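Summary of the model geometry
These are the residues of each chain, in order.
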Amino acid sequence: MSLQSKSLFYILVVTAVFLCGVRSAGGIGQTGHMVVAEMATGDLNKTDYPGFVNTLNAFPSERSCGSVFPDWAWPSFYQQYSRIAHTIEFQQAWTKHLKENFSSPYSEREKREVSFLMGMTTHTYDDPPWHAYFLPTAKSNDNAEEWLVEPGTDIFANWELDKRSEVTYGYFPVETAVNVYVSLGYPEVTESMLVKGILILRAAYWAEKFAGYQGYLNLVNRMPWTDDNYVTYSPGGFEYGAEVSAQEMVNTWNYLQGELDQLPLRDMPVFVERNILLELGRSLLESGAIEIPMQRTSEGEYFFGASRIVGRKSLD
Ligand SMILES: [Zn+2]
């Protein structure tokens with residue numbers, strides 16, 4: 001990464017995020033979304049929904065990737081498409097697309113898409129309560145600004161709760177995404193734009209895993225209330241977000257199965273996310289410092305491998 005990237009990496013992440021004030025604003029970070037999606041799956045009653053729970057547990061990577069997808073365009077020049085991806089209209093258009101094109105019992109490929117959609121559902125419903133209730137309380141109790149609480153919470157989650165380092169592949173159903181944007185009147189959203197956004201998310205997640213621990217202990221000392229409460233605080237903590245999300249996942253599942261005629265409409269605010277970790281992911285990718293292997297299937301799905309450094313010299 002030409003950039004000057006070594007300096008970017010250490011100065012930007014370690015210094016800027018942890019010590020001085022690069023501003024960011026937004027909802028839960030990537031690890032947080034993945035953890036909430038996992039908790040929400042655990043909240044589902046396996047006895048009532050055995051097929052549903054089995055699908056989610058069989059495809060955890062798809063669920064994790066869906067849970068971060070709406071943020072795909074924040075660190076780019078077309079943020080308006082991430083804004084759209086956070087709306088109820090988008091959530092419902094995606095769900096309808098699956099209902100019209102897939103029928104139960106699902107094939108393995110269809111199960112992947114269902115798991116991805118359910119991850120996305122948790123994102124749609126866990127961002128708002130976190131932002132509305134947890135964030136202001138954390139800011140006040142730790143006397144910390146939003147730009148610190150937001151990535152800080154994600155680094156807590158990454159180092160205290162995350163199991164995804166074991167996940168070896170990423171997943172993205174690109175044809176479905178393009179179709180949903182077209183159905184809502186945005187044919188200008190192309191496959192290459194979407195894939196680039198997904199690569200940035202994956203690069204950012206890698207950077208968080210790689211660089212996060214350098215600041216972890218500082219952050220614990222700086223924001224002890226946040227660290228003690230981001231999971232359990234109610235309303236707005238991760239467990240609360242998971243409960244809300246689980247209910248919406250059940251509604252979505254019932255709708256897909258034809259047991260619910262309409263998805264409930266909710267009035268959800270959208271919070272624009274300018275997250276330093278996402279911007280770092282973009283820099284890493286654009287400078288050629290890391291490479292993320294990927295493969296497209298003929299059915300319009302992408303699979304991504306593990307990120308690795310390929311431009312070490314550009315880190316010097
Ligand atoms: Zn978001």
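Criteria and thresholds
Residues numbered from 1 in each chain as written. Predicted model: local features only at pLDDT ≥ 70, side-chain atom pairs only at ≥ 80, totals over all residues. Helix = DSSP H or I, 4+ residues; strand = E, 2+ residues; numbered from the N terminus. Buried ≥ 20, exposed ≤ 12 C-beta atoms within 10 Å, placed from the backbone. Contact = placed C-beta atoms within 7 Å. Expected span 1.5 Å × (residues − 1). Arc of directions from axis to C-beta. Pairing = 2+ DSSP bridges. Axes fitted to C-alpha atoms, helices over the stretch in contact; angles between N-to-C directions. Core = buried A, V, L, I, M, F, W, Y, C linked by C-beta atoms within 7 Å. Parallel < 35°, antiparallel > 145°, perpendicular 65-115°, else oblique. Nonpolar A, V, L, I, M, F, W, Y, C, P; charged D, E, K, R; others polar.

So, about the overall build of the chain. From N to C terminus, the chain includes 14 helices and 5 strands. By residue count, 48% of the 316 residues in the chain fall in the buried class. Counting contacts in the chain only where the partners sit at least 6 residues apart, residues at least 24 apart contribute 82% of the total.

Let us look at unusual backbone geometry. Cis peptide bonds are those with omega within 30 degrees of zero, and the linkage from S104 to P105 qualifies with 0°. Cis geometry is found at the peptide bond from S234 to P235, where omega equals 0°. Within the element layout of this structure, P235 appears in the loop between α11 (224-229) and α12 (238-256). Here N143, not a glycine, exhibits a phi torsion of approximately 50°, which is positive. For N143, the location among the structural elements is in the loop between α7 (108-142) and α8 (146-160).

Attention now goes to the environment of E145. Within the secondary structure, E145 is located in the loop between α7 and α8. For the pair formed by E145 and L135, sequence separation is 10 residues and the distance between their alpha carbons is 9.4 Å.

Another aspect to go through is helix α6 (residues 88-101). Its 14 residues give α6 an end-to-end C-alpha distance of 20 Å, which sits within 8% of 20 Å, the value for a rise of 1.5 Å per residue. Turning to α6, its buried residues number three or more, namely F90, Q91, W94, T95 and L98. Take α6 and look down its axis: the buried residues cluster within an arc of 130°, on one side only. In α6, the exposed residues that point more than 90 degrees away from the buried face are E89 and E100. Elements in contact with the buried residues of α6: α5 (80-85), α7, α9 (174-183) and α12.

Now for the sheet that holds strand β4 (residues 302-304). Reading across from one edge, β1-β4-β3 is the order of the 3 strands in this open sheet, with antiparallel pairing throughout. The open sheet has two edge strands, β1 (170-172) and β3 (294-296), and neither has a second partner. Adjacent strand axes in the sheet meet at a mean angle of 15°, parallel and antiparallel pairs treated alike. Pairing geometry for β1 and β4, over 3 bridges, is antiparallel. Residue G170 lies in a different strand from β4, and its bridge partner there is F304.

So, on to the nonpolar core. Residues V36, A203 and A204 are the most contacted members of the largest nonpolar core, which totals 76 residues. In contact with V36, not counting residues within four places along its chain, are I28, T122, D126, F238, G241, A242 and S245.

To continue, consider the packing of helix α10 (residues 191-222) against helix α13 (residues 276-286). Running from amino to carboxyl end, α10 crosses α13 at an angle of 110°, the nearest separation of the two axes being 7 Å. The angle between α10 and α13 falls in the class roughly perpendicular. Between α10 and α13, the residues in contact are L199, I200, L201, A203, A204, A207 and E208 and L277, L278, L280, G281, R282, L284 and L285, respectively. Its residues assigned to classes, the contact of α10 with α13 shows 11 nonpolar, 1 polar and 2 charged.

Bringing the environment of V250 into the picture now. Of note, V250 is situated in helix α12. Judged by C-beta crowding, with 20 C-beta atoms within 10 Å, V250 ranks as buried. Ignoring any residue separated from it by four or fewer positions in sequence, one finds V250 in contact with L44 and Y49.

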